[in-house]
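So the chains spell out like this:
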Amino acid sequence: MKKIVLFILTSLLLSSLCHARDFMVEFVEENYKETTKAYSNEPLIYHSIQVNSQAGPKLLILTGDNLEYRKWLRQYIAANKELITKVPETENDLFISSKAYEIDVTNIHPVNGKRWISDIPTSDVAALEGNTYILVIDANGKRSQLISTVIRNMGYRAMVFQNGAEALKTFRIQPEKFKMIIANHDLPGMKTEVFVDHILKIDDKIPILVETGYNNQTIKNIFTTKFSSAGSVVIKSVVMEDLQKTISHLVKEKV
């Protein structure tokens with residue numbers, strides 16, 4: 001009899017440890033927090049959502065590589081504010097006491113219990129577009145700073161990287177966040193033509209401005225030949241006094 005009771009208690013204990021608790025939260029705001037990696041000038045991007053919960057306001061830092069789920073979540077919160085976060089029993093106290101909590105994106109789902117909704121209305125999807133980010137990839141800090149200033153003065157936000165590999169990782173997470181891309185023809189770590197190829201496989205409509213440098217006709221010819229069939233890729237030198245006009249033209253073409 002004692003063995004049976006012990007077995008039951010042990011089973012209950014183990015099952016409680018495996019369970020997760022659902023916390024209802026209300027979506028407030030989506031954020032992209034940019035910090036600097038240790039010993040590096042490269043930015044590190046945190047995708048997070050600000051929510052209100054029974055345990056107070058929280059910043060949910062989204063982890064995990066399920067990019068389709070991230071896209072779905074953005075579509076969902078465009079029309080719905082109430083969500084459920086699934087927190088392991090072992091982390092209940094941590095969730096309650098933390099102001100910022102890392103959570104796998106797939107552990108956030110609608111209040112109706114579904115994990116995925118495929119019939120998001122077109123109007124709600126459209127509400128996610130018209131973003132304000134322009135992706136800038138340039139190893140020259142002074143030049144990228146000047147480009148960023150023009151972008152900010154136009155009312156957009158610049159997200160700057162020094163190499164294509166890091167920029168590509170960020171673009172893959174949320175391609176719909178960006179209105180366009182400005183990339184220098186000579187990038188460290190990943191050749192610009194390889195970077196552009198990867199971007200076009202993700203989104204073949206996003207405007208890409210490849211900056212060739214002044215009086216560099218050879219480079220311009222190489223890129224023009226390679227991307228002649230890609231209507232969204234523009235090859236030209238970035239003249240600062242003309243950059244605002246160029247950006248306006250490319251963004252308008254996309255719309």
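All values reported here derive from a predicted model rather than from experimental measurement.

Student: Lay out the environment of Glu166 in plain terms, naming residues and giving numbers.
Tutor: Residue placement: Glu166 occurs in helix H6 (residues 164–173). The sequence separation of Glu166 and Met190 amounts to 24 residues, and the corresponding C-alpha distance is 9.5 Å.

Student: Could you give me a rundown of the side chain of His47, with the residues and numbers involved?
Tutor: Within the fold, His47 resides in strand S2 (residues 43–53). His47 gets classed as buried once you look at its relative accessible area, which sits at 5%. Within polar-contact distance, the side chain of His47 engages the side chain of Arg70 at 3.0 Å.

Student: Could you give an account of the pattern of salt bridges, with specific residues and numbers?
Tutor: Under the counting rule described, the total for this entry stands at four salt bridges. Residue Lys205 is joined to Asp204 by a salt bridge in which the shortest nitrogen-to-oxygen separation is 3.4 Å. Lys205 sits in the exposed class, given a relative accessible area of 59%. In this structure Asp204 comes out as partly exposed when scored by relative accessible area, which is 49%.

Student: Please provide a residue-by-residue account of the packing of aromatic side chains, values included.
Tutor: If you walk through the whole model with that rule in mind, you get six aromatic pairs. Here Phe23 and Phe95 contribute two aromatic rings whose centre-to-centre distance is 4.5 Å and whose plane-to-plane angle is 40°, an arrangement assigned as tilted. Of this pair, Phe23 sits in strand S1 (residues 20–36) while Phe95 sits in helix H3 (residues 92–97), and the two are 72 residues apart along the sequence. For Phe23, a relative accessible area of 2% corresponds to the buried category. Over the ring of Phe95 we find Lys58, and its NZ or CZ is 5.5 Å from the ring centre.

Student: Please provide a residue-by-residue account of the sheet that holds strand S11 (residues 233–236), values included.
Tutor: With parallel pairing, five strands are arranged side by side in an open sheet as S8-S7-S9-S10-S11. Here the strands that pair on one side only, and so sit at the sheet edges, are strand S8 (157–161) and S11. Strand-to-strand twist in this sheet, taken as the mean axis angle between neighbours without regard to direction, amounts to 20°. In this structure, strand S7 (residues 133–137) lies alongside S8, joined through five bridges in parallel fashion. Within the sheet, the bridge partner assigned to Tyr133 lies in S8 and is Arg157.

Student: So what's going on with empty space enclosed by the protein? Residues and values would help.
Tutor: In the structure shown here, the tally under the stated rule is one cavity of 30 Å³ or more. Taken together, Leu209, Lys236, Ser237, Val238, Val239, Asp242, Leu243 and Thr246 form the lining of the largest cavity. Across the lining of the largest cavity, the residue classes break down as four nonpolar, two polar and two charged.

Student: Talk me through the nonpolar core; I want residue IDs and the actual numbers.
Tutor: Leu135, Ile181, Phe195, Ile208 and Val233 are the most contacted members of the largest nonpolar core, which has 25 residues in total. Contributions of two or more residues to this core are made by S7, S8, H6, strand S9 (178–184), helix H7 (192–202), strand S10 (208–211) and S11. If one sorts the elements of this core by residue count, H7 sits on top with four residues. Dropping the residues within four chain positions of it, Phe195 is found in contact with Ile137, Gly164, Ala167, Leu168, Ile181, Ala183 and Met190. Formed by 19 residues, the second largest nonpolar core is a distinct cluster that contains Ile49, Leu60, Leu62 and Ile103.

Student: Explain the side chain of Lys58 to me, using residue names and the numbers behind them.
Tutor: Structurally, the position occupied by Lys58 is in strand S3 (residues 56–63). An unpaired buried charge is present at Lys58: no salt bridge exists, and Asp93, the closest side chain of opposite charge, is 10 Å distant. Engagement of the side chain of Lys58 in a polar contact is seen with the backbone oxygen of Phe95, the distance being 2.7 Å. A polar contact of 2.5 Å, which involves the side chain of Lys58, links it to the backbone oxygen of Ser98. Leave out the neighbours within four places in its chain, and Lys58 touches Ile49, Gln50, Val51, Ser53, Phe95, Ile96, Ser97, Ser98 and Lys99.

Student: Break down the packing of H6 against H7 for me, with residues and values.
Tutor: In contact at an axis separation of 10 Å, H6 and H7 are set at 5° when each is read in the N-to-C sense. In terms of axis orientation, H6 runs roughly parallel to H7. On the side of H6, the interface is formed by Gly164, Ala167, Leu168, Phe171 and Arg172, while H7 contributes Phe195, His198, Ile199 and Ile202. Here the contact of H6 with H7 is composed, by residue class, of six nonpolar, two polar and one charged.

Scoring rules and cut-offs
- Residues numbered from 1 in each chain as written.
- Predicted model: local features only at pLDDT ≥ 70, side-chain atom pairs only at ≥ 80, totals over all residues.
- Heavy atoms only, no water.
- Helix = DSSP H or I, 4+ residues; strand = E, 2+ residues; numbered from the N terminus.
- Buried < 20%, exposed > 50% of the residue type's maximum accessible area, 1.4 Å probe, protein only.
- Polar contact = N/O pair within 3.5 Å; in protein donor to acceptor, adjacent residues only side chain to side chain.
- Salt bridge = Lys/Arg side-chain N within 4 Å of Asp/Glu carboxyl O.
- Phe/Tyr/Trp six-rings, centres within 6.5 Å; stacked < 30°, edge-to-face > 60°.
- Lys NZ or Arg CZ within 6 Å of the ring centre and 35° of its normal.
- Pairing = 2+ DSSP bridges.
- Axes fitted to C-alpha atoms, helices over the stretch in contact; angles between N-to-C directions.
- 1 Å grid on protein atoms, 1.4 Å probe; cavity = no way out; pocket = protein on both sides within 12 Å on 5 of 7 lines; lining within 4 Å.
- Points joined across faces, edges and corners; volume = space filled by probe spheres on them.
- Nonpolar A, V, L, I, M, F, W, Y, C, P; charged D, E, K, R; others polar.
- Core = buried A, V, L, I, M, F, W, Y, C linked by side-chain atoms within 4.5 Å.
- Contact = heavy atoms within 4.5 Å.
- Lys, Arg positive; Asp, Glu negative; His and termini not counted.
- Parallel < 35°, antiparallel > 145°, perpendicular 65-115°, else oblique.

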